[in-house]
Amino acid sequence: MSELVKLTKKDFESDQEVRWCPGCGDYSILATVQRFLPSLDIPKENHVVISGIGCSSRFPYYMNTYGFHTIHGRAPALATGVKLVNPDLHVWLITGDGDALSIGGNHFIHLLRRNVDLTVLLFNNRIYGLTKGQYSPTSEVGKKTKSTPYGSVDEPVDPVSLALGAKATFIARASAVDAKGLTAVLEQAAAHKGTSFVEIFQNCNVFNDGAFKDFDERAVRNERQLHVEHGKPLIFGAELDKGIALDGFNPKIVSTKNGSADQILTYDKNSKILAQILASLSFPEFPVPMGVLYQEERSAYDTAVTEQVAQAKQRQGEGKLSDLLNSGDTWTVN
Amino acid sequence: MENTQTERKELVSAAIRFAGDSGDGMQVTGARFTHESARLGNDLATRPDFPAEIRAPAGTIGGVSAFQIHFGSTEVFTAGDDLDALIAMNPAALKANVKDLKQNGILICNTDSFTEKNLIKAHLEENPLDQDAISTKYNLISVPITTLTHEALSELELPKSAIERCKNFFALGIICWMYGRGVKETSEWVERKFKSKPEIAKANKLALEGGMAFAEASEAFSTVFEVPKAKLAQGTYKNITGNQGLAHGLIAASVKAGVPLVYAGYPITPASDILHEISRYKNFGVTTFQAEDEIAACCAAIGASYAGGLGVTGSSGPGILLKQEALALAAVVELPLVVVNVQRAGPSTGMPTKTEQADLLQSLYGRNSDCPVVVLAIASPDDSFDTSYLAAKIALEHMVPVILLSDGYVGNGSQPWLIPDESSLSEISPKFAQTDSAEAFQPYQRDEETLARAWSIPGMKGLEHRVGGLEKQDITGNISYDPDNHQRMTYLRAEKVKRVANTYPKTEVSGADSGELLVVSWGGTHGAVAGAVAEEQKAGRSVSHLHLRYINPLPNDLEQVLSRFKKILVPELNSGQLSLILNAHFDLNLTAYNKVQGQPFKISEIQQQIQNLIR
Ligand SMILES: Cc1ncc(C[n+]2csc(CCOP(=O)(O)OP(=O)(O)O)c2C)c(N)n1
Ligand code: SF4
Ligand SMILES: [Mg+2]
């Protein structure tokens, strides 16, 4: 049995020089993850960090674990293959908004519906960083970039709604600038059996600076974000004086003070309907929901596949090569 | 009723084809006839011809399904050029197939189905059975098969449709009688197959026996053609398709190497059967993954290899294109991977059910930048086990992607396969990294002989390292943009592939070691070329045959072998791809012979080419 040497943040730092732009949001995510991992008490060699392509996808090189920097958009498929051989590995899938939602959109959907047991950290900076600043599938309509000098005209995708539609079993949102909130989400994501999907708002200070500042900066955070907690009322505001209630099927903001407090919804992370309502809240009309937005228990794909193999062995007996070769209609020539 | 004038005639071989509507059970009929012939000891080769449409309207040309078998008392190289006999269950089947029947060949038609309605469906203005063109050119035997099946089954109380579903076995009974083979195996098979439906089992057996009895009694069938058993090597055999053999080879390699097989695919004709076949063997610890697309399938296979499995993905041409980016990743991260390409006629969707061998250049050069991989090609259904086993062995021992080429003709065709003894399979010894080494682990440290890096698998303590598609620094595997390093790594990757040739056996030719003409084949054209060369050698021509299993790297001794012949003939089912490669590498007097019709070569076509080149 492995000796329980307590690991530290340092143990998870590789010897490679970190090459993101100074001030990039990726740094704080890296530091938060490295600080968080020792708490899991999982030997380093059992962590595998797998990424696609993008600034964010350089992440594995900086982690002193097993790491695989794959190709653009395909990390979910590659990670699925890893888990099929060894479901016990702790896999972290690092991806960007372009990587996961554009070129890799198909794999992302199928990863979620299969519920492969791993954690996805989607660094959403609403821009293509590595290719130097084209708009991405999460960029807002009208985004002016090098490839859209007149402004983009296509509607962005909402990662959380997409994940819900793809039947993800764990959906959370966090921000690179809120290490505490991100750590809390990572804890629950790591404990979840199945695909844990975490969207992380990440500022690209070079090509999309301030993308989240309207609701992400410390000064406005409480007022403009809704931190959900299972079993607790959906309240927010600097004074915790506002809550989310329903007007028919539609969400509305009510005050905690004027007698409408009992209308405020209590959060249930297992309710898909509530998650869908939260996903529909659009800023600035509503605060931005953060935290674990949805969770359900469903058998993980890799577990189910491995069980099927084990069952087949039990039912048919461990396969013998000579039986395979001699199966079917055979005849002998003397 | 005994037909007393039965004559017995011995044949060296015969090629026959069962053709009918998709619903007429022609594939089963052919498979059963194949089995009876195999049990009699004939050598044989088969070739199914599936309709292009899934459920084309009954009676139309698009719905014709056929199964061809060539069986003989000497070595059988292909499923046969021209047919000695054709069984046509309806007008469309006759129309689509009769051109392949030899002059005076036996043509058995189910007259009951030559109704006006069916003639219209087959776009025939007149009944061909009434036309001189058919009855004078061929030995036409008209049999009301449907009516006779009803008569044979009259004692059973079955619905009309169930009775008529037995007419293929009535036809099978006729043919088995005609070629002097029994129906015992088939009767037993029927018993097993319809164990839970004794009525149906009985009906099929009655039809089979009815067909035999009818042929025996009928004046029209006066000759029994005997095809004696062939001299086959001793041992246990089974009939195997190329796709099945390939699946068996991969599973065997996984068991021998002690590495779990993960086969990832996305359905595509004609490769899907490999996925179907492997998915049946979960108790061997194999995993199959039907991915969301071919890209995902290839990536999942790479992930599987990264985690210590034998990652294999399979597809056909269009799907292989999608895998190329991932294939290049596998080449750079230097992990084992087998990519199976069961080639079909293209480009684009092309003719999915038809065969071709036109993805050779795609395999060699289909990736960005300098990215050689190992390329092997399967020669025939009975070679598919050995070559796929070898592909897996090379991938695992050399830490390299291997493209394994098959084609629709090989994949769907079948041959008797001499089942190897488990102990005769060569060992497969992947080299794993050492977890207890005193020195720091270097992921790109190489084996001196093969240049393969050691396999270090997540979960191995102390070997944590990063890999990826960015250029690697030699030895450490860290990212490097150093110009000299890039050149060194490009050459190292190429040299690693090249050194695989050091493991090849000596290149053999069949026939004399030197002479006027060498016919060089690769892949599924092996049979036609071997058959043609054997015939021409018998006729006294100075011709030999070299079949290439190893496409990349080419064998080290290939140039020597080629140089001993004055002329080289390269027949291919493409527009000259191997010819291009051979001409690029060697100084040869080479003639290319190319056919791109979606059909395999006929032996006679190759013979003609040989005769054109040498007197
Ligand atoms: C097949 C392929 N197409 C295009 C690219 C170029 N490319 C690299 S990263 C990238 C976009 C990355 O954006 P995102 O996923 O949002 O990551 P970020 O850099 O913003 O972290 C693109 C288009 C590529 N590497 N591979
Ligand atoms: S381009 Fe943007 S996302 Fe990429 S490293 Fe620089 S700041 Fe970060
Ligand atoms: Mg981005």
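Residues numbered from 1 in each chain as written. Chains lettered and ligands numbered in written order. Predicted model: local features only at pLDDT ≥ 70, side-chain atom pairs only at ≥ 80, totals over all residues. Heavy atoms only, no water.

Q: Would you mind showing me how to read the overall build of chain B here?
A: In terms of helices and strands, chain B carries 21 helices and 22 strands. Taking 2.2 N^0.38 as the reference for a compact globule, 615 residues should give roughly 25 Å; the C-alpha atoms of chain B span a radius of gyration of 27 Å, in line with that estimate. Along the three orthogonal principal directions, the C-alpha set of chain B runs to about 90 × 60 × 45 Å. When each of the 615 residues of chain B is scored for burial, the buried share is 62%. Summarising the internal contacts of chain B: among those between residues at least 6 apart in sequence, 76% fall at separations of at least 24. Summed over its atoms, the accessible surface of chain B is roughly 23900 Å², and 49% of this surface lies on carbon and sulfur atoms. (Helix = DSSP H or I, 4+ residues; strand = E, 2+ residues; numbered from the N terminus. Rg over C-alpha atoms; globule rule 2.2 N^0.38 Å. Buried < 20%, exposed > 50% of the residue type's maximum accessible area, 1.4 Å probe, protein only. Contact = heavy atoms within 4.5 Å. Areas by Shrake-Rupley, 256 points an atom, 1.4 Å probe, with all protein chains shown as cover.)

Q: What exactly am I supposed to notice about the sheet that holds strand β14 (residues 374–377) of chain B here?
A: Within a beta sheet, neighbouring strands are joined by backbone hydrogen bonds and run either parallel or antiparallel to one another. Residue and element names in this part refer to chain B. The seven strands lie next to each other as β11-β10-β12-β13-β15-β14-β20, forming an open sheet whose pairing is mixed. With one partner strand each, in any of the chains shown, β11 (287–290) and β20 (550–552) form the two edges of the open sheet. For this sheet, the mean inter-axis angle between neighbouring strands, taken without regard to orientation, is 20°. As judged from the five bridges shared by strand β10 (residues 261–265) and strand β12 (residues 310–315), these two strands associate in the parallel manner. Bridging across to β12, L261 finds its partner in L310. (Pairing = 2+ DSSP bridges. Axes fitted to C-alpha atoms, helices over the stretch in contact; angles between N-to-C directions.)

Q: Which parts of the structure should I look at to understand the pairing of strand β5 (residues 170–175) of chain A?
A: A regular strand places its side chains so that they alternate between the two faces of the sheet. Residue and element names in this part refer to chain A. Counting buried positions over the six residues of β5 gives six, a clear majority of the element. Here β5 shows a buried face lined by F170, A172 and A174 and a second buried face lined by I171, R173 and S175. Sheet analysis places β5 next to strand β6 (residues 195–201), joined by six bridges and oriented parallel. Note that in β6 the partner of S175 across the bridge is F201. Taken together, the four bridges between β5 and strand β11 (residues 288–295) define a ladder with antiparallel strand orientation. If you follow A172 over to β11, its bridge partner there is V292.

Q: Help me understand the confidence of the model for chain B, please; the structure alone is not making it clear to me.
A: Atom-level detail of predicted coordinates should not be read off regions where pLDDT is low. Residues at a pLDDT of 70 or more form 99% of chain B, whose mean pLDDT is 96. Reported confidences for the modelled complex are a pTM of 0.96 and an ipTM of 0.97. (pLDDT = per-residue confidence, 0-100.)

Q: How should the packing of aromatic side chains be read in this particular structure?
A: Pairs of aromatic rings are described using the distance from one ring centre to the other and the angle between the two planes. Considering all chains together, one arrives at 27 aromatic pairs over all chains under this definition. Here F36(A) and W92(A) contribute two aromatic rings whose centre-to-centre distance is 6.4 Å and whose plane-to-plane angle is 80°, an arrangement assigned as edge-to-face. Separated by 56 residues along the polypeptide, F36(A) in helix α1 (residues 26–36) and W92(A) in strand β3 (residues 90–96) bring together distant segments of the chain. The ring of Y301(A) carries R114(A) above its face, with NZ or CZ at 5.8 Å from the centroid. Between R453(B) and the ring centre of Y444(B), over which it is positioned, the NZ or CZ distance is 4.7 Å. (Phe/Tyr/Trp six-rings, centres within 6.5 Å; stacked < 30°, edge-to-face > 60°. Lys NZ or Arg CZ within 6 Å of the ring centre and 35° of its normal.)

Q: Would you mind showing me how to read the pattern of salt bridges here?
A: Counted according to the given criterion, the structure contains 44 salt bridges over all chains. R499(B) serves as the salt-bridge partner of E495(B), at 2.9 Å between the closest nitrogen and oxygen. Given a relative accessible area of 28%, E495(B) falls into the partly exposed group. Under the relative-accessibility criterion, R499(B) is labelled partly exposed at 24%. Ionic contacts of the salt-bridge type, sharing partners, join the residues K83(A), D117(A), K193(A) and D302(A) into one network. (Salt bridge = Lys/Arg side-chain N within 4 Å of Asp/Glu carboxyl O.)

Q: Even after reading the chapter, I still don't get the sheet that holds β11(A), so can you show me in this structure?
A: Pairing is mixed in the open sheet, where nine strands are placed in the order β7(A)-β11(A)-β5(A)-β6(A)-β4(A)-β3(A)-β1(A)-β2(A)-β17(B). Of all strands in the sheet, those bounded by a partner on one side alone are β7 (225–227) of chain A together with β17 (466–468) of chain B. Each neighbouring strand pair of the sheet contributes to a mean axis angle of 20°, computed without reference to strand direction. Bridge count for β3(A) against strand β4 (residues 118–124) of chain A is five bridges, and the pairing is parallel. Each bridged residue has a counterpart across the sheet, and for L93(A) the counterpart in β4(A) is V120(A).

Q: Is there a simple way to explain the coordination of the magnesium ion (ligand 3) in this structure?
A: Residues and elements named next belong to chain A. For the magnesium ion (ligand 3), the full set of protein donor atoms is D97 (OD), N125 (OD1) and I127 (O), at a range of 2.0 to 2.2 Å. In terms of primary sequence, the donors binding the magnesium ion (ligand 3) are separated according to D-x27-N-x1-I. Of this pair, D97 sits in helix α3 (residues 97–103) while N125 sits in the loop between β4 and α5 (159–165), and the two are 28 residues apart along the sequence. Note on accessibility: D97 and N125 belong to one class, buried. (Donors = N, O, S within 2.8 Å, 3.2 Å for Na, K, Ca; no water.)

Q: Teacher, can you tell me more about the site of ligand 1 here?
A: Taken together, 17 residues sit near ligand 1, with C55(A), S56(A), D97(A), G98(A) and D99(A) positioned nearest. Lying at an intersection of chains, ligand 1 is approached by residues of chains A and B. G98(A) is positioned such that a nitrogen or oxygen atom in its backbone is 2.9 Å from an oxygen atom of ligand 1. Contacts to ligand 1 include L130(A), whose backbone N or O atom sits 3.0 Å from an oxygen atom. Contact with the protein chains removes 77% of the 590 Å² of surface that ligand 1 exposes when unbound. (Near = heavy atom within 4 Å. Polar contact = N/O pair within 3.5 Å; in protein donor to acceptor, adjacent residues only side chain to side chain.)

Q: What am I meant to see in the site of ligand 2 here?
A: Within the structure, ligand 2 sits among W20(A), C21(A), C24(A), C55(A), N125(A), Q202(A), C204(A), N205(A), V206(A) and F207(A). Its residues placed into classes, the shell around ligand 2 shows seven nonpolar, three polar and no charged. (Nonpolar A, V, L, I, M, F, W, Y, C, P; charged D, E, K, R; others polar.)

Q: How should the packing of helix α2 (residues 75–85) of chain A against helix α12 (residues 294–306) of chain B be read in this particular structure?
A: When two helices pack together, their arrangement is given by the angle between the helix axes and the distance between those axes. α12(B) packs onto α2(A) with a crossing angle of 45° between their chain directions and a minimal axis gap of 6 Å. Between α2(A) and α12(B), the interaxial angle falls into the category oblique. You can see that α2(A) and α12(B) cross each other, and the crossing is right-handed. Contacts between α2(A) and α12(B) pair A77(A), L78(A), G81(A), V82(A) and V85(A) from the former with A296(B), C299(B), A300(B), I302(B), G303(B), A304(B) and Y306(B) from the latter. A breakdown of the residues in the contact of α2(A) with α12(B) according to their chemical character gives ten nonpolar, two polar and no charged. (Parallel < 35°, antiparallel > 145°, perpendicular 65-115°, else oblique. Left-handed = near helix turned anticlockwise from the far one by under 90°.)

Q: Explanation requested: the packing of helix α18 (residues 526–538) of chain B against helix α21 (residues 603–613) of chain B in the structure shown.
A: Residues and elements named next belong to chain B. Between α18 and α21, the least distance of the axes is 8 Å, while the angle of their chain directions is 50°. When the interaxial angle is binned, α18 and α21 end up oblique. Seen from above, α18 lies across α21 with right-handed handedness. Counting all contacts with α18, which are made through A528, V529, G531, A532, V533, E535 and E536, the residues of α21 involved are I603, I606, Q607, I610 and Q611. Here the contact of α18 with α21 is composed, by residue class, of seven nonpolar, three polar and two charged.

Q: Would you take a moment to explain the interface of chain A and chain B for this structure?
A: How large an interface is tends to be reported as the accessible area lost when its parts come together. Listed as interface residues are 56 residues of chain A and, on the opposing side, 74 residues of chain B. A combined buried area of about 5300 Å² lies between chain A and chain B, and 63% of that area is made up of carbon and sulfur atoms. Looking at the side of chain A facing chain B, the largest losses of area belong to Y66(A), L325(A) and W331(A), adding up to 17% of the total buried there. In this assembly, chain A and chain B are joined by three salt bridges. The shortest N-O distance in the salt bridge between D329(A) and R192(B) comes to 3.4 Å. Elements that contribute at least two residues to the side of chain A that touches chain B include exactly β2 (66–69), α2, α4 (105–114), α10 (301–316), α11 (321–325) and β12 (330–333) of chain A. Residue composition of the side of chain A that touches chain B, grouped by class: 22 nonpolar, 25 polar and nine charged. Pairing of β12(A) with strand β9 (residues 235–241) of chain B, which is carried by four bridges, proceeds in the antiparallel orientation. Bridge pairing links W331(A) to Y237(B) in β9(B). (Buried area = accessible area lost by both parts, 1.4 Å probe.)

Q: I'm lost on the pairing of strand β3 (residues 43–49) of chain B in this one. Help?
A: All names here are of chain B. Counting buried residues in β3 gives six out of seven residues, a clear majority hidden from the surface. Sheet topology note: the β3/strand β4 (residues 64–72) ladder contains seven bridges and is antiparallel. Each residue of the ladder has a partner; that of P48, found in β4, is F67.

Q: Before we go on, may I ask you to explain the environment of K238(B) in this structure?
A: By the element assignment, K238(B) lies in strand β9. Along the backbone, K238(B) and V183(B) are 55 residues apart, and their C-alpha atoms lie at a distance of 18 Å. Discounting chain neighbours no more than four positions away, the residues touching K238(B) are L324(A), L325(A), N326(A), S327(A), D329(A), T330(A), W331(A), H248(B), Q415(B), P416(B), W417(B) and I419(B).

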